[in-house]
Structure formats: C-alpha cells, structure tokens
Amino acid sequence: MLFAHASPVLTIRKGLAVFMPAKRTITVVGGGVIGLTTAYALIQAGHGVTLVEREDHVGEQASFGNGGQLSYRYVRPLADAGVPQEALSWMFRAESPISLKLRLDWHQWRWLADFLLACNARTNRNNTARLLKLALRGQQALNQWRQEGLDDFLWRKPGKLVVYRNAHKFSKAAKAVSNPQQEQVLSPAECARVEPAFAGLAPVLAGGIFSPDDEVADCYLFCQSLLKGLQKSKDFHHVKGNATLEASGADRCRVLLDGIPQQTDVVVLAAGLSSRAMAYPLGINLPLYGLKGYSLTVGADPAVLPDVSVTDYDNRVVYARLGQRLRIAAMVDIGALDATLDPRRIASLKRLAQETLPAAGPYSSAATWAGMRPATPTGVPLVGQTQWRNLLLNVGHGALGFTLSGGSALTIRDLVEGMQP
C-alpha cells in the first residue's frame, strides 16, 4: 500500500489566487494510547494519518492494564533524592515496590547510571515542572475532546488522594505544595473523610495530599474510543503490520511495512518500548528501558469501592474505581525481560490490597496483568524532533502514558504544523 501525498490547495480570496500550505500525510507507528492520541490530534488538525500497529487490536500492550489514574497534578518522576537508598532497603522485602535484577546488559547499566544521576532534588524539581506543564495541557485536550463527543471510557473526575505512612515523606511532600487550592494538605482524619473506604488506614497514616481536579478513566477503553473517532475520518487509515525504519537520503527516513517502502511526508515513532530497536538503524540510541508493572482488576459492589482515586505512596500502589471495577496497579521491576506474569509479585499485590482495602475483594478472583512501561532515566518522555527531518519521536512516558498522552499529542501536532515542506 502506498500512502498518497497531500498537494497544495488553490484558494480564491477576494479575486486573488492563493496557494494554501499543504496538509501532510503522516504515518504514526504504534497503536497504544500515545500513538492513538497523536493520530487523533493530527486528524483534527486536518492531516492525513496512517496508524501502523503490529498487534491485532490497539491498546493491548502497556496501555491495557493501566492504573486508570489521570493524575495531572501528581507527576513526580521516580528518580528523586533518596530513592537509591530507599530502593536498597526495598530489595530485602518480599513486597518491595521496586525490584532490581542486574543483567549483563550494557543498555541496562547505562540507563541505571543515568537514573542515578537524575536522583537529586534539583533535577527532580525541574523535571516535575516539565511533566506538570505537559500533563495540564493534556487535561485541557481531553476535556475538549470529550466535549466534542469522545466518550465511553468510564471517565470521572473524583479527585486523587495520595496518602503517606511515613512522616518524613509526608512532610517533604507537604512542603512541595505550591497551590493549596489544587493540592490540599490533609490530616489522617481528613483523609478518612475524603475517602471513607480507606478510613481503616487512618491510624497508620501521617497525612495525605488531595488534588480535587484529577480524574480517572479506563485507558484501554479510551484507546478503543479514539480508534472509533478516528475511523469516522476519510483521511485516516489503520494498518496492521510490522514497521521498520531506514534512511532515505542524507537527512530523511522512510517507513517499511512488512518490508515494503511506504510513501509519507512525516513519520511519528510512538511504538513504546519497541521504538528503541526501531530507531537504532537510524543511528538513534533511545534511552528507553522497560519497567515492568502489574495490575489487578476486581469486580465488586460499587457501594464498597472507593470513589476517589487513591495512591498509597509508601507502597507505590494506586487504586482507581472504573465503573463497577477496581483497578489496583503497582510495582516496578527493573531488569524483567518481558511482560510474563510473576506469580510472587501478583500474590504480594493481592495480599497488600487485601490488607489495605479488604471490603473490595475477593482478590483471589481478580483479573491479573503485567506490562512493560517504556521509561527514560529522568522520567521525562522524548517528544520532539530528531536529526532526520521527517521523523518525530513520542516515546518514553513510563507509568504516566495515559496522563501525558494528550499533551504529548498536541506537542507533536504543533511540531508538524511548524515543519517546512
């Protein structure tokens, strides 16, 4: 299949013939939440888009079992001061939020070295500001898309409560609050009033921070809704196949679909962790590494489920009600080779959920999931241009892919709009 190039449009304005800039044909590689939001923003801007996905359906990799939180105000990267020391203590706990398995892998060691360099307060503060800007832009995009008819993905705006068991960590987080209206510092008793389902935790809590404007939704259903909206456009094409990239001249590249070159003006690489191998033949060594995460999905009586989305900070576990189900997501495994379920990690997560929120069970029948989150060492995604004039990157969102997807998509749209023909 060849994707046709757009051509300049001749428009008559007050008797004058004016050539309007041509809208572009764009190939987006990757059918997760990042690729789909990118395609959606570009279609809305009037471009022709072909979405290439190797799986039978969209949203089936890292987007599938996403934690469900659209935590626009809480976007602090994993790399922070004190995390390396904390991680060392976690390694000796069976239910550790982070596990590390070192391998004879140069890429892993380089990623870990860069991660350690980013583990300081100043870098974390700067990167948090960058992520916050991207997240809030994404919130505006999603609100606009919903108003225009994008729906059926269990969206709600219940707010988000981050609870802290450790007094020092809570004090540090409370001091970082810059806007009390957007982030409210709460006592343990106030945390229980905000979300009664977690009232049993109050005796062991140091406090919490509540963000009333944060949202929840089902990321997989969001992907399906985006695809449905895209398919309404005659300028959108969805193609299943294996995409590769190769040089096509001194400063341009091209897409090959199952080995066949495709004609397109712009390529957007948004293929998650696979993007690293795809970019390598072009001389681009993406600092991406797969951080394996897990989730449970529990069906329960909505009356016993929390309304507010909750993050148990010290255990790095998130809880979000999606319709009549509860999504529980947690853990970071560094050094996992693939998304195969680890029975020990799943069992640990079930035990922790049972202890924290016993009424929402039974957890024994919960649907289980594991996925590889494509992360950069700093936690800041790579959204922008490359040395190849027609290649843009939208990769490396880690555990914040859902939250950052809208803002990243608009950034790509703006870059495309500003590219020279």
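One can find the structure itself at the top, above this paragraph.
Bear in mind that the values here come from a model prediction, so they are computed numbers and not experimental data.

Participant: When you look at the pairing of strand β4 (residues 48-53) in this model, what are you seeing that I'm missing?
Facilitator: A regular strand carries its side chains on alternate faces of the sheet. Taking burial as the measure, the 6 residues of β4 include 6 buried ones, the bulk of the element. Here β4 shows no split at all, with G48, T50 and V52 on one side and V49, L51 and E53 on the other all buried. Across 5 bridges, the pairing between strand β3 (residues 25-29) and β4 is parallel. Each bridged residue has a counterpart across the sheet, and for T27 the counterpart in β4 is T50. With helix α1 (residues 33-44) bridging β3 and its parallel neighbour β4, the resulting β-α-β unit is right-handed. Sheet topology places β4 next to strand β11 (residues 236-240); 5 bridges connect them, and they run parallel. Paired with E53 across the bridge in β11 is K240.

Participant: Looking at this model, I keep getting lost on the packing of aromatic side chains. Mind explaining?
Facilitator: Centre-to-centre distance and the angle between the planes together describe a pair of aromatic rings. Taken as a whole and assessed by the stated rule, the structure comprises 9 aromatic pairs. Considering the side-chain rings of F64 and Y220, the 4.8 Å spacing of their centres and the 65° angle between planes classify their relative orientation as edge-to-face. One end of the pair, F64, is in the loop between β4 and β5 (69-70); the other, Y220, is in helix α7 (residues 219-230), and 156 residues separate them in sequence. Among the aromatic residues, ring-to-ring pairing joins W111, F115 and Y289 into one connected group. Of note, R146 hangs over the ring of W155, and the distance from its end group to the ring centre comes to 3.4 Å. Above the ring of Y313, the side-chain terminus of R316 is found at 4.2 Å from the ring centroid.

Participant: Hey, could you run me through the sheet that holds strand β14 (residues 260-261) in this one?
Facilitator: The strands making up a sheet are joined through hydrogen bonds of the backbone, oriented either antiparallel or parallel. Ordered in space as β12-β13-β14, the 3 strands form an open sheet in which the pairing is antiparallel. Strand pairing shows two members of the sheet lacking a second neighbour, β12 (243-247) and β14, which therefore form its edges.

Participant: In this structure, what is going on with the environment of I34? I would like to understand it.
Facilitator: Looking at the element boundaries, I34 is found in helix α1. Judged by its relative accessible area of 11%, I34 is buried. For I34 and A271, which are 237 residues apart along the polypeptide, the C-alpha to C-alpha distance reads 8.2 Å. Filtering out sequence-adjacent residues up to four positions away, I34 remains in contact with A270, N394, H397, G401 and S405.

Participant: For this particular structure, what's the right way to read the packing of helix α4 (residues 121-147) against helix α10 (residues 401-418)?
Facilitator: When two helices pack together, their arrangement is captured by the angle between the axes and the distance separating the axes. Two elements in contact, α4 and α10, have axes separated by 6 Å at closest approach and are oriented at 90°. Regarding the angle of α4 to α10, the classification is roughly perpendicular. Every residue of α10 that contacts α4 at L131, L134, A135, R137, G138, A141 and W145 is listed here: T403, L404, G406, G407, S408, A409, L410, T411, R413 and D414. Split by residue class, the contact of α4 with α10 holds 8 nonpolar, 6 polar and 3 charged.

Participant: I would appreciate a short explanation of the side chain of T356 in the present structure.
Facilitator: You can see T356 is positioned in helix α9 (residues 343-356). A polar side-chain atom of T356 sits 2.8 Å from the main-chain carbonyl oxygen of L352. Not counting residues within four places of it along the chain, the set of residues in contact with T356 comprises R165, F198, L201, D312 and Y319.

Participant: I keep staring at the nonpolar core and nothing clicks. Help me out?
Facilitator: When a protein is soluble and globular, its nonpolar side chains tend to lie buried together. Core analysis: the largest hydrophobic core is formed by 45 residues, its most contacted members being V28, L36, W145, F222, F236 and V416. Secondary structure elements with two or more residues in this core: β3, α1, β4, α4, α7, β15 (266-269) and α10. In terms of residue count, α1 provides more of this core than any other element does, 8 residues in total. Apart from the residues lying within four places of it in its own chain, the contact partners of F222 are V33, T37, L142, W145, L150, F153, F402 and S405. With 30 residues, the next largest nonpolar core counts V308, A330, L357 and Y363 among its residues.

Participant: Help me out: how do you make sense of the pattern of salt bridges in this one?
Facilitator: Oppositely charged side chains may form a pair once their charged atoms are brought near each other. What the rule picks out here adds up to 21 salt bridges. In this structure, R156 engages D307 in a salt bridge whose closest nitrogen and oxygen atoms are separated by 2.9 Å. Residue R156 is located in the loop between α4 and β7 (160-164), and its partner D307 is located in the loop between β16 (289-299) and β17 (309-312); the two are separated by 151 residues in the primary sequence. Through salt bridges with shared partners, a single ionic network connects E86, K169, D314 and R316.

Participant: Can you help me understand empty space enclosed by the protein in this one?
Facilitator: Using a probe with the size of a water molecule, rolled over the atoms, empty space left in the structure can be pinpointed. Inspection of every chain in the model, using the stated rule, returns 2 cavities of 30 Å³ or more. Roughly 60 Å³ of internal volume is contained in the largest cavity. In this structure, the largest cavity is lined by L70, Y72, G138, Q139, A141, L142, W145, F222, F402, T403, S405 and G406. Residue assignment for the lining of the largest cavity shows that the elements contributing at least two residues are α4 and α10. At 5 residues, the largest contribution of residues to the lining of the largest cavity is made by α4. Tallied by class, the residues present in the lining of the largest cavity amount to 7 nonpolar, 5 polar and no charged.

Scoring rules and cut-offs
Residues numbered from 1 in each chain as written. Predicted model: local features only at pLDDT ≥ 70, side-chain atom pairs only at ≥ 80, totals over all residues. Heavy atoms only, no water. Buried < 20%, exposed > 50% of the residue type's maximum accessible area, 1.4 Å probe, protein only. Helix = DSSP H or I, 4+ residues; strand = E, 2+ residues; numbered from the N terminus. Pairing = 2+ DSSP bridges. Right-handed = clockwise from strand over helix to strand, strands pointing away. Phe/Tyr/Trp six-rings, centres within 6.5 Å; stacked < 30°, edge-to-face > 60°. Lys NZ or Arg CZ within 6 Å of the ring centre and 35° of its normal. Contact = heavy atoms within 4.5 Å. Axes fitted to C-alpha atoms, helices over the stretch in contact; angles between N-to-C directions. Parallel < 35°, antiparallel > 145°, perpendicular 65-115°, else oblique. Nonpolar A, V, L, I, M, F, W, Y, C, P; charged D, E, K, R; others polar. Polar contact = N/O pair within 3.5 Å; in protein donor to acceptor, adjacent residues only side chain to side chain. Core = buried A, V, L, I, M, F, W, Y, C linked by side-chain atoms within 4.5 Å. Salt bridge = Lys/Arg side-chain N within 4 Å of Asp/Glu carboxyl O. 1 Å grid on protein atoms, 1.4 Å probe; cavity = no way out; pocket = protein on both sides within 12 Å on 5 of 7 lines; lining within 4 Å. Points joined across faces, edges and corners; volume = space filled by probe spheres on them.

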